[in-house]
Amino acid sequence: MATVNLTIDGKSIVADESKTVLEAALDNGIYIPHLCHHNDLHPNGGCRLCVVKQDGVDGVITSCSTKVKEGMVINTKDETAEKVRKLSCDLMFKTHPSECVGCPKYGKCQLASISQYVGDSGRDLRQQKLPLIENEENPLMLHEMYRCILCGRCVRACSELRGVGALKFEKIDGRMKVVINGNSLEEAGCQFCGACVEVCPTGSIRDKVGVFKDDPGLSREMTLVPCSEGCPAHINVPKYIRFIKEGNFPAAAATVREKAPFPESLGYICVHSCELQCKRNHLDGPLSIRNLKRFAASQDDGSWKEKAFMKAATGKKVAVIGAGPAGLTAGYYLKKLGHEVTIFEKLPKAGGQMRYGIPSYRLPREVLDREIAEIEAVGVEIKCNSDVKSATELKAQGYDAVFVSVGTHAGNKLPLEGNDLPGVYLNADFLRAINLDEPLPVGDNVVVLGGGNVAIDCAESALRLGAKHVVMTCLEAADKMTASEEEVTWAKEDGIVVENSRTFDAIESENGKVTGLTVTGIEGLKFGPKGPEFTRIPDSTVTFPADTIIFAVGQHPDIDEEFGLELNRGRVVTSDEHKTSEDGIYAAGDAVTGTRSVIAAIAEAREAVSEIDKYLGGDGNIEESLAPEQTLNPCIGKNEDLTKTHRNEPNVTDIEARKCNFEPMDLGFDCSKAGCEASRCLQCDLRVQISPQKFWSDYIEEEGGQQ
Amino acid sequence: MKNLLVVSCVSDDVKAPISMYLMNNYLEDVVAGANKQAKEIDADIIYLLLEGDKVEGLDGEVRYAKTTSPTLNNPYAVAQVLSGNLPRPMIQDDYVTVYDDKAVSVITPEVAYGIKNGFEERFVAVNSGDKTEIKRVAVGTALSEVASLDDAKAVLIGGLKGSFVTPEEASSTKIDATEKFSSISIYGQDQCIVETCVQLMNEAYKASCGKCVLCREGTSQFRQIVTEMTTGKAKATDVDLIKEVSELITVGAYCPFGQSMTRPLTSAMEIFAEEFNDHIKKKTCKCGKCYKAAALYYIDPDECIGCGDCIDACPEEAIEGKDGFIHMIDQDLCEQCGKCVGACDEGCIKTATKLPKLPKKRTKVGKF
């Protein structure tokens, strides 16, 4: 590329000939005020703030739309240019509210920043305030156009950048306005990409409160891509959804695997925090991200393997206690980092809660086996039927580090009368027994205590073991249950009765045999520091007949002081770096946090692996690019189906066919449903590509940096 | 890339409706000129008309604009209109406007006519009173031969972008080939020059495409300030304000229209300084146009019963007062709509060109 020499404010500058005067100045730490200009948009020239004086040219020139030329001499501080800028600022503020403090954009407003820089000339021009009309109809964006200074960046972003054209200029009663190109944003073809919000310099077009997290600690990318932020492992959700839309399913699976070694299992059972954060929740319901993941993972062709890193052996030995999701993940990455890994597992097979907690009708064991085999394939040794009584003793056997991921395999028992009778089970024991092929006997009438996903697993399993009448009862009201909505719906379809807002009084028995559970209705449930608080509803005590009672009210690690680590309420105590009380012993997963989720265990294990690697002398880097590069096309175009296509539901086995066995019941998506669902994605990541707004202080800091 | 030649019939100044005149009266010449130009640059032709306009006998692709605009001789603005948007010009080095994969260039029917017949003759719109007459004139003709200057008070040469001159100056002016002579407007002795400027600034506000702050807000400010000169609200300092702001707009506005739209007002203020001064300071209009129609409203403090009816009726919230207190009209906010007069059962809202003594603060009924 050819370059030209020019002088700006007395400074000799060499600039690429394709640059504008404004770009050349900014690149060299010389700030010229500008407002309608935006890095990603074609020069506009309307705000008149970037005018400068060019030697030999009458009047002023528009620096944002004038290319640099050899020998140009530019003065940005020319008196006339500064007067024009001031006038422009004055004029804009005649229609813009003068009071900044009440504006939500206060402190982040480019207009305010510029007016501070340019200054006020105090001219006696007329106030021409715009009517205070707000448009809150749009589910995602708020239009308060009385703040609009008509820079047109939103209109240009929507048409030039996105190819959508949902916003336009219109003269209303003689006054120019930015309006929606139709009766509603949907009708205007809005793709809800947020580009308009991203480029708006004032508080005119904003994200509605609650659409994004307002957490200054989050990076811009994590703030703007809520699904990835919501995922504990920060899987690049928009990227793999885009691969699915393009039909490149192996690439989608590889994208998931970059952050988690169990793509397909997660596709079956992930708690999908991503979906809870999905921006489409505010429109018509979230993307079915988990089912998309599942479909993509089922199409994995292993092509990612050639890109996966595998470091040379370090000679260090690491022991992992517990072959659940955390332990397997840790083993996998530690081995890839070059450490020799042995995983000790108490139970006969690896998998942890994925095998001994989650029933097989939710997660087929061949899927799990396949994914564990991938972990073994990198050279991780898994020793099953190996109960480790003490982590410290194990470390003393010659391991450089130990990772504790024993999970929560002991169920909590509430202090209820009759809680030790035969026929009273704990969730963990009940589910484990089924998966050890030694199911505990269930009677005709089963009552499950608890309202989470494990409680549903227990209730559904009891049904499948032959129970005739299954009741679930919990403190929480129907809309506050921790179990996922989908699971509750299916449970009810299967005939399981859910009794909400009840406190458990006593287990009834006759002659040492369980006969029922007495409960009382409650209201005003709150969880205080000392546990649940509520008011009992008088005369609402009833007894549910039962011959089997299952506690599903939480689980805790099945370890004690003998294990050698500091515990708090039964859980392993760790620092932020996942260090336990003992040097060289790290811990993560449910054993530390209490029962959470597979994806949380994976995410925490990955963090812990980095720490362990650093402890062992490595750099702690486990990031890898397994998926191909993806080129994002910012031009979305006007896809009229986007808002009309609603969430796809998975194919599910008929009720009668599913409730009598442990065969998979949720069949997920087929190819066409997956493609259709992927096309619903609002592509929040496109907004991250838009250059962030800068303020004059940013440029001046840059200037300082260069000097 | 292919080329597209747009014959824009929608860029005329409101004071120079020449394009459609040519399309209706000299269609063959316009078409021949356009074809010649198109052949030269190897371009397809589109005729851009105003929605609702018809040209008898026009053969070729015709597209319609929703509005006329002085920017519609700019290729980018034309492409915006062809895409269904409002016109906005793009003035930039080496910028090529592309529409429908074709590089856009624009000519007016007048230029097309000139390409066919040469530029020794030109068309001039002569406006006088409500009448507009379009004349074909040889370049070099004296202005006085084209328009009658008898009884003229002022002559505006160049429409919304033009300048006022005195009849004396006009009589010694020869018509040349420049754009400004497409419009000559004669204002008679009975015309109020301030009121004329109100109309011109209203037209300028309407014509402004709104892209550039200086033109958009400048026309909006000027039309308000000049209007205030005809209603007694303007301040003595407004003359200097307009002059100072105009100078900056002339230098700083984005396009030729924006740079020139202040000229009618500033030239009028220079030539007719006294008339402006009378309006602003003495609040009188010798032509009797301004203050008669827009007298100041006030509430007679001796008759007001403090009922609040006028307060409710005022769309500008310009009336202050509460129950039992004499109501007062804030002259800065009053738009002279007269709705309060109809709302007042007591008939105590009156008009005057000069306000009588009125309460300045809240005063109980009967205590003034």
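Because the structure is a prediction, the values reported are computed rather than measured.

J.: Which parts of the structure should I look at to understand the overall build of chain B?
T.: Assigned secondary structure in chain B consists of 15 helices and 14 strands. Residues classed as buried in chain B amount to 46% of the 368 residues present. A separation of at least 24 residues holds for 69% of the contacts in chain B among residues at least 6 apart in sequence.

J.: What is the right way to look at the overall build of chain A in this model?
T.: Looking only at helices and strands, one finds 25 helices and 28 strands in chain A. Based on the C-alpha atoms only, the size of chain A along its principal axes is roughly 105 × 65 × 50 Å. Of all 707 residues assigned to chain A, the portion counted as buried reaches 50%. Contacts in chain A between residues at least 24 apart in sequence constitute 69% of all its contacts with a sequence separation of at least 6.

J.: Sorry if this is basic, but what is going on with the environment of A:Lys293 here?
T.: Among the secondary structure elements, A:Lys293 is positioned in helix H12 (residues 289-298). Taking the C-alpha atoms as reference points, A:Lys293 and A:Val448, separated by 155 residues in sequence, lie 31 Å from one another.

J.: For this particular structure, what's the right way to read the sheet that holds strand S17 (residues 469-473) of chain A?
T.: Pairing between the strands of a sheet is mediated by backbone hydrogen bonds and can be parallel or antiparallel. Residues and elements named next belong to chain A. Overall, parallel pairing links the five strands, which are arranged S15-S22-S16-S17-S18 in an open sheet. The open sheet has two free edges, formed respectively by strand S15 (424-426) and strand S18 (497-499), since each of these has just one partner strand. Strand after strand, the sheet turns through a mean of 20 degrees between neighbouring axes, direction not considered. Here strand S16 (residues 445-449) runs beside strand S22 (residues 548-551); their pairing, made up of four bridges, is parallel.

J.: Whenever I open this one, the interface of chain B and chain A confuses me. Can you help?
T.: Interface size, as often reported, equals the accessible area lost upon joining of the parts. Every contact between the two is made by 27 residues of chain B and, on the other side, 31 residues of chain A. Breaking the side of chain B that touches chain A down by element, the ones donating at least two residues are helix H7 (193-207), helix H8 (213-229) and helix H9 (238-252) of chain B. It is H8(B) that provides the largest number of residues to the side of chain B that touches chain A, a total of nine residues. Classifying every residue of the side of chain B that touches chain A gives 12 nonpolar, nine polar and six charged.

J.: Even after reading the chapter, I still don't get the sheet that holds strand S21 (residues 531-545) of chain A, so can you show me in this structure?
T.: Residue and element names in this part refer to chain A. Spatially, S19-S20-S21 is the arrangement adopted by the three strands of the open sheet, whose pairing is antiparallel. Two strands close off the open sheet at either side, each with one partner strand: strand S19 (502-510) and S21. When the angles between neighbouring strand axes are averaged without regard to direction, this sheet yields 20 degrees. Across 10 bridges, the pairing between strand S20 (residues 513-528) and S21 is antiparallel. Counterpart to Ile-522 in the pairing with S21 is Arg-536.

J.: What am I meant to see in the pairing of strand S1 (residues 3-8) of chain A here?
T.: Consecutive side chains of a regular strand alternate in pointing toward one face of the sheet and then the other. Residue and element names in this part refer to chain A. Sheet analysis places S1 next to strand S2 (residues 11-16), joined by six bridges and oriented antiparallel. The residue bridging Val-4 from the neighbouring strand is Ala-15, located in S2. In textbook terms, the turn of a hairpin is the stretch between consecutive antiparallel strands, and for S1 and S2 this stretch comprises two residues, one of which, Asp-9, has a positive phi near 50 degrees. Note that S1 and strand S5 (residues 73-75) share two bridges and pair parallel.

J.: I would appreciate a short explanation of the packing of helix H1 (residues 18-25) of chain B against helix H4 (residues 109-117) of chain B in the present structure.
T.: Between two packed helices, what matters for the description is the angle formed by their axes and the separation of those axes. Residues and elements named next belong to chain B. Between H1 and H4, the least distance of the axes is 8 Å, while the angle of their chain directions is 50 degrees. By the angle between their axes, H1 is oblique relative to H4. Residue-level contacts link Ile-18, Ser-19, Leu-22 and Met-23 of H1 to Pro-109, Glu-110 and Tyr-113 of H4. Of the residues assigned to the contact of H1 with H4, the class counts are five nonpolar, one polar and one charged.

J.: Just to check I follow, could you spell out the pairing of strand S8 (residues 175-180) of chain A for this structure?
T.: All names here are of chain A. The alternating pattern of S8 places Met-176, Val-178 and Ile-180 on a buried face and Arg-175, Lys-177 and Val-179 on a face that is not buried. Pairing of strand S7 (residues 167-172) with S8 involves six bridges; the strand directions are antiparallel. When the bridges of S8 are listed, Glu-170 appears paired with Lys-177.

J.: Could you clarify how one ought to interpret unusual backbone geometry in this entry?
T.: Glycine aside, negative phi is the norm for most residues, and most peptide bonds take the trans geometry. One non-glycine residue, A:His578, lies in the positive phi region at around 70 degrees. You can see A:His578 is positioned in the loop between strand S25 (571-572) and strand S26 (585-587). Phi angles above zero are rare outside glycine, and B:Glu317 is one such case at about 50 degrees. Tracing the backbone shows B:Glu317 in the loop between helix H14 (309-313) and strand S12 (319-320). For B:Glu317, a count of 9 C-beta atoms within 10 Å puts it in the exposed group.

J.: What should I look at first to understand the packing of helix H2 (residues 27-41) of chain B against H4(B) in this one?
T.: Residue and element names in this part refer to chain B. Their axes nearest at 7 Å, the elements H2 and H4 cross at an angle of 80 degrees. Classified by the angle between their axes, H2 and H4 sit roughly perpendicular to one another. Across the interface between the two elements, Asp-29, Val-30, Ala-32, Gly-33, Ala-34, Lys-36 and Gln-37 from H2 touch Pro-109, Ala-112, Tyr-113, Gly-114, Ile-115, Lys-116 and Asn-117 from H4. Class assignment of the residues belonging to the contact of H2 with H4 gives a composition of seven nonpolar, four polar and three charged.

J.: Hey, could you run me through H9(B) in this one?
T.: Given 3.6 residues per turn, any residue in an α-helix points the same way as the ones three and four places further on. Spanning 15 residues, H9(B) covers 20 Å between terminal C-alpha atoms, matching the ideal 21 Å at 1.5 Å per step. What H9(B) keeps buried is the set B:Asp238, B:Ile242, B:Val245, B:Leu248, B:Ile249 and B:Gly252. What you see down the axis of H9(B) is that its buried residues fit within an arc of 135 degrees, all on one side. Each element contacted by the buried residues of H9(B) is listed here: strand S3 (51-54) and helix H2 (79-95) of chain A together with H8, helix H10 (256-260), helix H11 (263-271) and helix H12 (273-282) of chain B.

J.: It is not clear to me how the environment of A:Thr518 should be interpreted in this structure. Could you clarify?
T.: All names here are of chain A. Note on placement: Thr-518 falls in strand S20. Linking Thr-518 and Pro-545, residues 27 residues apart in sequence, is a C-alpha distance of 8.6 Å. In this structure Thr-518 touches Asp-505, Ala-506, Glu-508, Thr-541 and Thr-543, once residues within four positions along its chain are discounted.

J.: Looking at this model, I keep getting lost on the nonpolar core. Mind explaining?
T.: The nonpolar side chains of a soluble globular protein tend to be buried with one another. Residue and element names in this part refer to chain A. Ranked by internal contacts, the top residues of the largest apolar core, which has 258 residues, are Cys-196, Phe-403 and Val-404. It is helix H21 (residues 598-615) that contributes the most residues to this core, 10 residues altogether. Discounting chain neighbours no more than four positions away, the residues touching Phe-403 are Val-318, Val-320, Gly-327, Ala-330, Tyr-586, Ala-587, Ala-608 and Ile-612. Within the second largest apolar cluster, 43 residues are counted, among which are Val-448, Ile-456, Ala-483 and Val-553.

J.: I tried to follow H11(B) on my own but got confused; where do I start?
T.: Taken across its nine residues, H11(B) has seven buried, putting it largely inside the fold. Within H11(B), burial applies to B:Arg263, B:Pro264, B:Leu265, B:Thr266, B:Ser267, B:Ala268 and B:Met269.

J.: Help me out: how do you make sense of the confidence of the model for chain B in this one?
T.: Close inspection of predicted coordinates is inappropriate in any region flagged by low pLDDT. Residues and elements named next belong to chain B. Mean pLDDT over chain B works out to 93, with 99% of the residues at or above the 70 mark. Across chain B, element-level confidence peaks in H11 with a mean pLDDT of 98 and bottoms out in helix H13 (residues 290-293) with 64. Interface scoring of the predicted complex returns ipTM 0.83; its pTM is 0.86.

J.: For this particular structure, what's the right way to read the environment of A:Leu6?
T.: Residue and element names in this part refer to chain A. Among the structural elements, Leu-6 can be located in strand S1. Residue classification places Leu-6 among the buried positions, given that 22 C-beta atoms sit within 10 Å. In this structure, the C-alpha to C-alpha distance between Leu-6 and Met-72, residues 66 residues apart in sequence, is 4.9 Å. Other than its neighbours up to four places away in sequence, Leu-6 contacts Ile-13, Ala-15, Ala-24, Val-68, Gly-71, Met-72 and Ile-74.

The rules we used
Residues numbered from 1 in each chain as written. Chains lettered and ligands numbered in written order. Predicted model: local features only at pLDDT ≥ 70, side-chain atom pairs only at ≥ 80, totals over all residues. Helix = DSSP H or I, 4+ residues; strand = E, 2+ residues; numbered from the N terminus. Buried ≥ 20, exposed ≤ 12 C-beta atoms within 10 Å, placed from the backbone. Contact = placed C-beta atoms within 7 Å. Pairing = 2+ DSSP bridges. Axes fitted to C-alpha atoms, helices over the stretch in contact; angles between N-to-C directions. Nonpolar A, V, L, I, M, F, W, Y, C, P; charged D, E, K, R; others polar. Parallel < 35°, antiparallel > 145°, perpendicular 65-115°, else oblique. Expected span 1.5 Å × (residues − 1). Arc of directions from axis to C-beta. Core = buried A, V, L, I, M, F, W, Y, C linked by C-beta atoms within 7 Å. pLDDT = per-residue confidence, 0-100.

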